[in-house]
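Listed below, chain by chain, are the residues.
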Amino acid sequence: MEDPGEVAGPRSHRRQWLPGIVQAVAPDGITDLGPGYLDPDLLPVDLLGDAYAEALSRYGSAALSYGENQGVAPLREALAERATATGGQPCGPENVLVTAGTSHALHLLATMLAEPGDVVLCEPTGYDFGKQIFTDRGLTLSPVAVDGSGPDPQALADAARAHRAGGRRVAFVYLIPTFHNPTGLLVGEARRREILAVARDHDLLIVEDDAYGELWLDPVEMPPALAGLAGYRGVVRLCTFAKTLGPGLRLGSMLAGPELIARIAGSGVLSSGGGLNHLASLAVTALMEGGGYDARLRWLRKRLVARRDALVAGLGPGRDLQVPHGGFFLWLRGAPGTTEEDMVAAAGRAGVQVAGGSRFGLPDRPSVRLSYSFNSPEDLALAGRRLARAWSAPAPLDPVTAH
Ligand SMILES: Cc1ncc(COP(=O)(O)O)c(C=O)c1O
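Asker: Help me get a handle on the overall build of the chain, residues and values and all.
Answerer: For the chain, the count of helices and strands is 14 helices and 15 strands. At 22 Å, the chain has a C-alpha radius of gyration in line with the 22 Å of a compact globule built from 403 residues. Dimensions of the chain, computed from C-alpha atoms along their principal axes, come out at roughly 70 × 60 × 40 Å. Each of the 403 residues in the chain was classed as buried or not, and the buried ones make up 52%. Across the chain, every contact between residues at least 6 apart in sequence was considered, and the portion connecting residues at least 24 apart equals 76%. Surface accessibility of the chain: about 17400 Å² in total, with carbon and sulfur atoms responsible for 55%. Put simply, the chain has 37 plus and 44 minus side-chain charges, and the middle of one group is 1 Å from the middle of the other.

Asker: Which residues make up helix 13 (residues 340-349), and what values do they have?
Answerer: Taken together, the buried positions of helix 13 are Glu 340, Met 343, Ala 346 and Ala 347. Mapping the buried residues of helix 13 onto a view down its axis gives an arc of 135°, with all of them on the same face. Every exposed residue of helix 13 that faces more than 90 degrees away from the buried side is listed here: Glu 341 and Arg 349. Packed against the buried residues of helix 13 are strand 12 (329-333), strand 13 (352-353), strand 14 (355-356), strand 15 (367-371) and helix 14 (377-392).

Asker: Requested: an account of the sheet that holds strand 2 (residues 96-99), with residues and values cited.
Answerer: Here seven strands make up an open sheet; going across it, the order is 2-10-9-8-7-3-4 and the pairing mixed. The sheet terminates laterally at strand 2 and strand 4 (140-143), the two strands that pair on one side only. Across the sheet, the mean angle from the axis of one strand to that of its neighbour is 25°, orientation sign disregarded. By the bridge criterion, four bridges tie strand 3 (residues 119-122) to strand 4 in an arrangement that is parallel. In the sheet register, Val 119 faces strand 4, and the bridge partner there is Thr 140. Along the sheet, helix 5 (residues 128-136) contacts strand 3, strand 4 and strand 7 (170-175); its crossing angle with strand 4, the most-contacted strand, is approximately 135°. Along the sheet, helix 7 (residues 189-201) makes contact with strand 7, strand 8 (206-209) and strand 9 (235-240), crossing strand 8 at roughly 150°.

Asker: Tell me about the domain arrangement of the chain, and name the residues and values.
Answerer: Size of an interface: often given as the accessible area lost when the parts come together. Taken as a whole, the chain is organised into domain 1 (4-45 + 293-392) and domain 2 (48-290). Computed over C-alpha atoms only, the centres of domain 1 and domain 2 are separated by 25 Å. In this assembly, domain 1 packs against domain 2 so that about 2800 Å² is buried in total across both faces, 59% of it on carbon and sulfur atoms. Interface area lost by domain 1 to domain 2 is led by Tyr 293, Arg 301 and His 325, which between them contribute 28%. Connecting domain 1 to domain 2 are three salt bridges. Elements represented by at least two residues in the side of domain 1 that touches domain 2 include exactly helix 12 (292-315) and strand 12. At nine residues, the largest contribution of residues to the side of domain 1 that touches domain 2 is made by helix 12. Partitioning the side of domain 1 that touches domain 2 into residue classes produces 18 nonpolar, five polar and seven charged.

Asker: Go over the sheet that holds strand 15, please, and point to the residues and values.
Answerer: If you trace the four strands from one edge of the open sheet to the other, you get 11-12-15-14, paired in antiparallel fashion. Edge strands, defined here as strands with exactly one partner in the open sheet, are strand 11 (320-321) and strand 14. Note: strand 11 against strand 12, two bridges, orientation antiparallel. Bridged to Leu 321 within strand 12 is Leu 332. Each of strand 11, strand 12 and strand 15 touches helix 12; the most contacted strand, strand 12, lies at about 20° to it. Helix-sheet contacts for helix 13 involve strand 12, strand 14 and strand 15, and the interaxial angle to strand 15 is about 35°.

Asker: For the packing of helix 3 (residues 73-85) against helix 11 (residues 278-289), give the residues involved together with the corresponding values.
Answerer: In the contact formed by helix 3 and helix 11, the axes pass within 9 Å of each other and the chain directions differ by 50°. In terms of orientation, helix 3 lies oblique with respect to helix 11. In the packing of helix 3 onto helix 11, the handedness of the crossing is left-handed. Here helix 3 contributes Pro 74, Leu 75, Ala 78, Leu 79 and Arg 82 to the contact with helix 11, which in turn contributes Ser 281, Val 284, Thr 285, Met 288 and Glu 289. Taken together, the residues of the contact of helix 3 with helix 11 break down into six nonpolar, two polar and two charged.

Asker: Go over the site of the ligand, please, and point to the residues and values.
Answerer: Taken together, 13 residues lie around the ligand, and Ser 103, Tyr 212, Thr 240, Lys 243 and Arg 250 are the ones closest in. Within the side chain of Tyr 212, a nitrogen or oxygen atom sits 2.6 Å from an oxygen atom of the ligand. A total of 400 Å² of accessible area belongs to the ligand in isolation, and the protein chains cover 94% of it.

Asker: So, the environment of Asp 28: which residues are in play, and what are the values?
Answerer: By secondary structure assignment, the location of Asp 28 is in the loop between helix 1 (4-8) and strand 1 (31-32). Residue classification places Asp 28 among the exposed residues on the basis of a relative accessible area of 79%.

Asker: Tell me what's going on with the confidence of the model for the chain, and back it up with residues and numbers.
Answerer: Mean pLDDT over the chain: 93, with 94% of residues reaching 70 or higher. Taken together, the stretch residues 399-403 has pLDDT below 50 and engages in one contact with residues farther than four places along the chain or on a different chain.

Asker: With reference to specific residues and values, describe helix 11.
Answerer: Between its first and last C-alpha, helix 11 extends 16 Å over 12 residues, near the 16 Å set by a 1.5 Å rise per residue. Helix 11 sits mainly inside the fold: 10 of its 12 residues count as buried. Looking at the buried positions of helix 11, the neighbouring elements they touch are helix 2 (45-59), helix 3, strand 2 and helix 12. Count one or two residues on from helix 11 and you reach Gly 291, which has phi positive near 80°.

So, how was this worked out
- Residues numbered from 1 in each chain as written.
- Predicted model: local features only at pLDDT ≥ 70, side-chain atom pairs only at ≥ 80, totals over all residues.
- Heavy atoms only, no water.
- Helix = DSSP H or I, 4+ residues; strand = E, 2+ residues; numbered from the N terminus.
- Rg over C-alpha atoms; globule rule 2.2 N^0.38 Å.
- Buried < 20%, exposed > 50% of the residue type's maximum accessible area, 1.4 Å probe, protein only.
- Contact = heavy atoms within 4.5 Å.
- Areas by Shrake-Rupley, 256 points an atom, 1.4 Å probe, with all protein chains shown as cover.
- Lys, Arg positive; Asp, Glu negative; His and termini not counted.
- Charge placed at Lys NZ, Arg CZ, Asp CG, Glu CD.
- Arc of directions from axis to C-beta.
- Pairing = 2+ DSSP bridges.
- Axes fitted to C-alpha atoms, helices over the stretch in contact; angles between N-to-C directions.
- Domains from an automatic or database assignment.
- Buried area = accessible area lost by both parts, 1.4 Å probe.
- Salt bridge = Lys/Arg side-chain N within 4 Å of Asp/Glu carboxyl O.
- Nonpolar A, V, L, I, M, F, W, Y, C, P; charged D, E, K, R; others polar.
- Parallel < 35°, antiparallel > 145°, perpendicular 65-115°, else oblique.
- Left-handed = near helix turned anticlockwise from the far one by under 90°.
- Near = heavy atom within 4 Å.
- Polar contact = N/O pair within 3.5 Å; in protein donor to acceptor, adjacent residues only side chain to side chain.
- pLDDT = per-residue confidence, 0-100.
- Expected span 1.5 Å × (residues − 1).

Here it is as structure tokens:
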């Protein structure tokens, strides 16, 4: 068993993990494989405590002022350097806007780049709350087919043509090409280039949700981000510290062409409130500059590998799933003849909560999403074994017809 003190620092224990403080708390006795966020034992309380102290001492009163609208320059420089180093074309601080996380960035894009009634092209399954941000704004989601390599470029072209012919404006294409939520898929470079070519031909803006890009768990060759491949033209890449440090920071970034970044930096919300989460952004800057962020990522990846592998081992062989090379999720398709309701109900009877696939859109088969980010390796192994038993056992008889 991992000792939380050793794992995340002595101040990280869970004592305030309570309703009214955090968004959700699983019922007692249930192993919850629903949450797409980090186990409390993996949240770096001490590391950030020190980073906030460092930011306040280094910047003094400037840390408590309104921040530069676009986000503090040292953080934008550090993020631009990382983006340049991970492939594609060079990225500069003028390409970066600091956000209050990806949810906030999606909201900004939906309000600034789209009008109610516009269409958003997206994968048939995808991040459910992201899609809700679009529908809250009155945008219409239009799924584009996906094959084993990612979104189908031909289907994307056909959809763009069909909507234009029908007189509907496509505001943008929303994609999660890297360790997709919920399927875990990593789209390779060749398919990325094909998608970009279609987007260029049809004048489509792509919103690339890259929440999990830093969380590769195996030594795979990472394709450059779509935005990097496109030279920050026609693609807006959204990154977040929610999955690598902690969602409570509410901190992330938007990478795009300088004109689009300047336009968003001039929005009312940023002109009024200044840079978003200014103090958090200075604390994370301090962490990045001292090498602490990279050390944290190396540490975290090892813990996530152990968690993913424990769940996969617990489930055992013979399941219809592809072990993802990164991110937080296993996407598991049901055996022929089962329904999603049966899978979720059988899991619940075994004391394990799972997310039904239809929550994320229109899966091609009954499926569930199992998150391995939120529980210890021991609990994940046990949950995997329980699920394997639950899904092999015959369904209980209907109490009305059973005699
Ligand atoms: C694909 C994807 N985008 C965005 C988010 C939310 O990001 P943030 O916490 O930065 O708002 C999540 C969290 O589950 C996610 O999976």
